[in-house]
Amino acid sequence: MEVAGVGLHPFGRHPGTSLPAMGAAAVRAALAEAEVGRGGFQAAFCATAYAGVASGHKVLGALGMTGMPIVDVEAGCASGAAALMLAASAIASGQRDTVLVFGVEKMPKGIIRSSFFDPWQEEAGLAATPAYFALRAQRLMETSGVTKDHLASVVVKNRAQGAGNPDAMFRSAVAAADVLGSRVVCEPLHLWMLCSPNEGAAAVVLRAARRSGVRVDSAVLRSHLPGAVLSESTPLAGLADESVVPPSTLAADAAYEEAGVGPEDLDVVECQDTDAARELLGYEELRLCPPGGSAELLESGATALAGRLPVNPSGGLLSKGEPLGASALGQVVELVRQLRGQGAERQVPGARVALAHTVGRGANAGVVILTR
Amino acid sequence: MVARVPVRQGLFVDADPPLLLGGRCRSCGRPHFARQENCPYCSSAHTEDDAFSGPGRLWAHTAVTAAPPGYQGEVPYGFGVVELPVGLRVVGRLTEADPSRLSIGRLMDLVVVPLHVDDEGRHVVTYAFAPEAI
């Protein structure tokens, strides 16, 4: 199947713009690219984690485009990947020809209250999401030789790439010294090493027919296996067992197999950089490098825009911010533009095979492989 | 003597030394915390009560510098994962709020600490881990 059209409402803070208005802007743009009008799609999936009941209906209602099934999908940071998986399944089964997928979110600044945690966990101070990121970062430092300088380098790389992205929230390059000079949120993570929850929308039109040239070769979602204590599933305890395969690897392996490609075939990657260490962990989980090789891969320059395998040419969530429901589809929008050669100053030359990765609460991990 | 109330019933025994109240699977034999009816690893419904004691080894640690949602206690506070002898890695508060004073592998005692005072004037307490005196 193909991506017939993509659309985006810039990620950032938009106090004057309602959630349905942001969603409608992204949907309009994607439908226009696909040359699909009202009645031209047979189902719609809306990804959102915080927008509340029937958000997809609000967006399509604002456009006067209701009547087909509209289903909201929530899978934490992987909500957009989950919606895309459902849409792809509906088309692959032959049930639908054209499906609209979009994600919307409007989140406040700072740590977000999540119904995921029990009230007693909040009371005990255990609902501190950045602290879990920090513990995971420390483990990566312990096992993979990652240093705080590497974490700062990820931020410098992504912010430099995001400076060329008009849809990003932060559009300025930063220096490593300034990253390390920003306040410590949870050691080893400084403020600038963490992405900002924000607002935005993204939309993708999937179609069975092949006209546009960008294909979806796999859209896989996997949940976690039990046992790992610092998985995005955020359990209270886990086993002293290093053999538990993380959900991102489960999803990546399934996606590589389905698409008939391997990590060595990739030209460009957008991966979950909720924090700087998460991107490096992603290198290992997605098999972009051997286990323990993430620092070396970063140091080699391979994952910079001019490198062998650019990661997060959009600037990543560190530049764009993270509107949960929209973030995974935002990656797909970026990669579709890259594959079409519309990447402007952040274009990866000759990109033909692209991978998008998100992972979030649940834990759910999504991997999408796109080719042209 | 100020009355003490656990932040959640059935989570730990507020004694000296304290115990964490978890379970063990009668099918696969693996321990879990907090107590569940079904084994989180093999999904067997045949589980039984078990209790776990410290000390354990610090496996990962940080400090929380701003109050997360729903938290009324003081900041900063230590936060980490301690690996108990039973083979469980447990997430919890640490009594040491300066990460530079701890390191991975440090021996940590299981303790019970106050979080805040509730509307009835009682100390709400939770389990935590404290670096063992060297």
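Relevant structure appears above.
Criteria and cut-off values
- Residues numbered from 1 in each chain as written.
- Chains lettered and ligands numbered in written order.
- Predicted model: local features only at pLDDT ≥ 70, side-chain atom pairs only at ≥ 80, totals over all residues.
- Heavy atoms only, no water.
- Helix = DSSP H or I, 4+ residues; strand = E, 2+ residues; numbered from the N terminus.
- Rg over C-alpha atoms; globule rule 2.2 N^0.38 Å.
- Buried < 20%, exposed > 50% of the residue type's maximum accessible area, 1.4 Å probe, protein only.
- Contact = heavy atoms within 4.5 Å.
- Areas by Shrake-Rupley, 256 points an atom, 1.4 Å probe, with all protein chains shown as cover.
- Polar contact = N/O pair within 3.5 Å; in protein donor to acceptor, adjacent residues only side chain to side chain.
- Buried area = accessible area lost by both parts, 1.4 Å probe.
- Salt bridge = Lys/Arg side-chain N within 4 Å of Asp/Glu carboxyl O.
- Nonpolar A, V, L, I, M, F, W, Y, C, P; charged D, E, K, R; others polar.
- Pairing = 2+ DSSP bridges.
- Right-handed = clockwise from strand over helix to strand, strands pointing away.
- Phe/Tyr/Trp six-rings, centres within 6.5 Å; stacked < 30°, edge-to-face > 60°.
- Lys NZ or Arg CZ within 6 Å of the ring centre and 35° of its normal.
- Axes fitted to C-alpha atoms, helices over the stretch in contact; angles between N-to-C directions.
- Parallel < 35°, antiparallel > 145°, perpendicular 65-115°, else oblique.
- Left-handed = near helix turned anticlockwise from the far one by under 90°.

Quick word on the overall build of chain B
Helix and strand counts for chain B come out as zero helices and 10 strands. Reading chain B from its N terminus to its C terminus gives the helix and strand order β-β-β-β-β-β-β-β-β-β. A compact globule built from 134 residues would reach a C-alpha radius of gyration of about 14 Å, and chain B, at 16 Å, matches this within 12%. Overall, chain B is about 40 × 40 × 30 Å in size when its C-alpha atoms are taken along their principal axes. For chain B, the proportion of its 134 residues judged to be buried stands at 46%. Of the contacts formed within chain B by residues at least 6 apart in sequence, a portion of 47% connects residues at least 24 apart. Put simply, chain B shows about 6300 Å² of open surface, and 48% of that area lies on carbon and sulfur atoms.

Concerning the environment of A:R113
Following the sequence through the fold, A:R113 ends up in the loop between β4 (98–106) and α4 (119–123). In the structure, A:R113 is positioned 63 residues away from A:Y50 in sequence and 9.9 Å away in space, judged by C-alpha atoms. Not counting chain neighbours up to four residues away, the residues in contact with A:R113 comprise A:Y50, A:E122, B:P69 and B:G70. Within the structure, the side chain of A:R113 is placed 2.5 Å from the side chain of A:E122, a separation counted as a polar contact.

What about the interface of chain B and chain A?
Counting from both sides, the interface comprises 39 residues of chain B and, opposite them, 35 residues of chain A. Carbon and sulfur atoms make up 65% of the area that chain B and chain A hide from each other, which totals about 3100 Å². Linking chain B to chain A there are one salt bridge. Its salt-bridge partner being B:R89, residue A:E242 comes within 2.5 Å of it at the nearest N-O pair. The tally of links between chain B and chain A comes to 11 residue pairs in polar contact (both at pLDDT 80 or more). Put simply, the parts of the chain that give the side of chain B that touches chain A at least two residues each are β6 (56–64), β7 (77–83), β8 (88–94), β9 (107–117) and β10 (123–131) of chain B. Among the residues forming the side of chain B that touches chain A, the class breakdown is 25 nonpolar, nine polar and five charged. Inspection of the sheet shows strand β9 (residues 237–239) of chain A paired to β8(B) by three bridges, in the antiparallel sense. Of the residues in β8(B), the one forming a bridge with A:A237 is B:V90.

Brief notes about the side chain of B:T62
Considering the arrangement of structural elements, one finds B:T62 in strand β6. Residue B:T62 is classed as buried on the basis of its relative accessible area, which comes to 1%. A distance of 2.6 Å separates a polar atom in the side chain of B:T62 from the backbone oxygen of A:E187. When sequence neighbours within four positions are dropped, the list of residues in contact with B:T62 reads A:A131, A:A134, A:L135, A:C186, A:E187, B:Y77, B:G78, B:F79, B:L94 and B:P99.

Things to note about the pairing of strand β3 (residues 70–73) of chain A
Successive residues of a regular strand alternate their side chains across the two faces of the sheet. All names here are of chain A. One ladder, built from four bridges, connects strand β2 (residues 43–47) with β3; its direction is parallel. What sits directly across from A44, in β3, is I70. After leaving β2, the chain enters helix α2 (residues 55–62) and then returns to the sheet as β3, a path that is right-handed.

Overview of the packing of aromatic side chains
Any pair of aromatic rings gets described here by the distance separating the centres and the angle formed by the planes. Under the definition given, this model contains seven aromatic pairs over all chains. Measuring from ring centre to ring centre gives 5.6 Å for B:F33 and B:Y127, while their planes differ by 85°; the resulting arrangement is edge-to-face. Linking B:F33 in the loop between β4 (31–32) and β5 (47–52) with B:Y127 in strand β10, this pair joins segments that are 94 residues apart in sequence. Each of the two residues, B:F33 as well as B:Y127, counts as buried. Aromatic pair B:Y71 and B:Y77: ring centres 4.7 Å apart, planes at 45°, arrangement tilted. Every member of this aromatic cluster is reached through a ring pair, and the members are A:F116, A:F117, A:Y132 and B:F79. Geometry around B:W59 places A:R139 over its ring, the cationic atom sitting 4.0 Å from the centre. Above the ring of B:Y77, the side-chain terminus of B:R93 is found at 4.3 Å from the ring centroid.

Focus: the pairing of β9(B)
All names here are of chain B. For β6 and β9, the ladder comprises two bridges, and the chain directions are antiparallel. Of the residues in β9, the one forming a bridge with R57 is L107. One ladder, built from nine bridges, connects β9 with β10; its direction is antiparallel. Paired with V111 across the two strands is A128, which belongs to β10. From the end of β9 to the start of β10, which pair antiparallel, there are five residues, and G121 there has a positive phi angle of about 80°.

Regarding the side chain of B:T126
Secondary-structure assignment places B:T126 in strand β10. Beyond its immediate chain neighbours, meaning those up to four positions away, B:T126 contacts A:A124, B:V7, B:F12, B:R93, B:V111, B:V112, B:V113 and B:L115.

Comments concerning the packing of helix α6 (residues 148–162) of chain A against helix α9 (residues 276–285) of chain A
Residue and element names in this part refer to chain A. At their nearest, the axes of α6 and α9 sit 8 Å apart, and the two run at 95° to each other. Here α6 lies roughly perpendicular to α9, going by the angle between them. In contact with H150, L151, V154, V155, K157 and N158 of α6, α9 contributes A276, A277, E279, L280 and Y283. Residues belonging to the contact of α6 with α9 are distributed by class as follows: seven nonpolar, two polar and two charged.

Observations concerning the environment of B:T47
Residues and elements named next belong to chain B. In this structure, T47 sits in strand β5. Counting along the chain gives 22 residues from T47 to C25, while the straight-line C-alpha distance between them is 4.3 Å. With near-sequence residues (within four places) excluded, T47 lies in contact with R24, C25, R26, H32, R35, Q36, E37, N38 and C39. Side chain to side chain, T47 and R35 meet in a polar contact 3.1 Å long. Of the polar contacts made by the side chain of T47, one reaches the backbone oxygen of Q36; its length is 3.4 Å.

Topic: the packing of helix α5 (residues 129–144) of chain A against α9(A)
Residues and elements named next belong to chain A. Relative to each other, α5 and α9 sit at 50°, their axes nearing to 9 Å. When the interaxial angle is binned, α5 and α9 end up oblique. As for the relative orientation of α5 and α9, their crossing is left-handed in sense. From α5, R136, A137, L140 and S144 reach across to α9, where they touch A277, R278, L280, L281 and E284. Partitioned by chemical class, the residues of the contact of α5 with α9 number five nonpolar, one polar and three charged.

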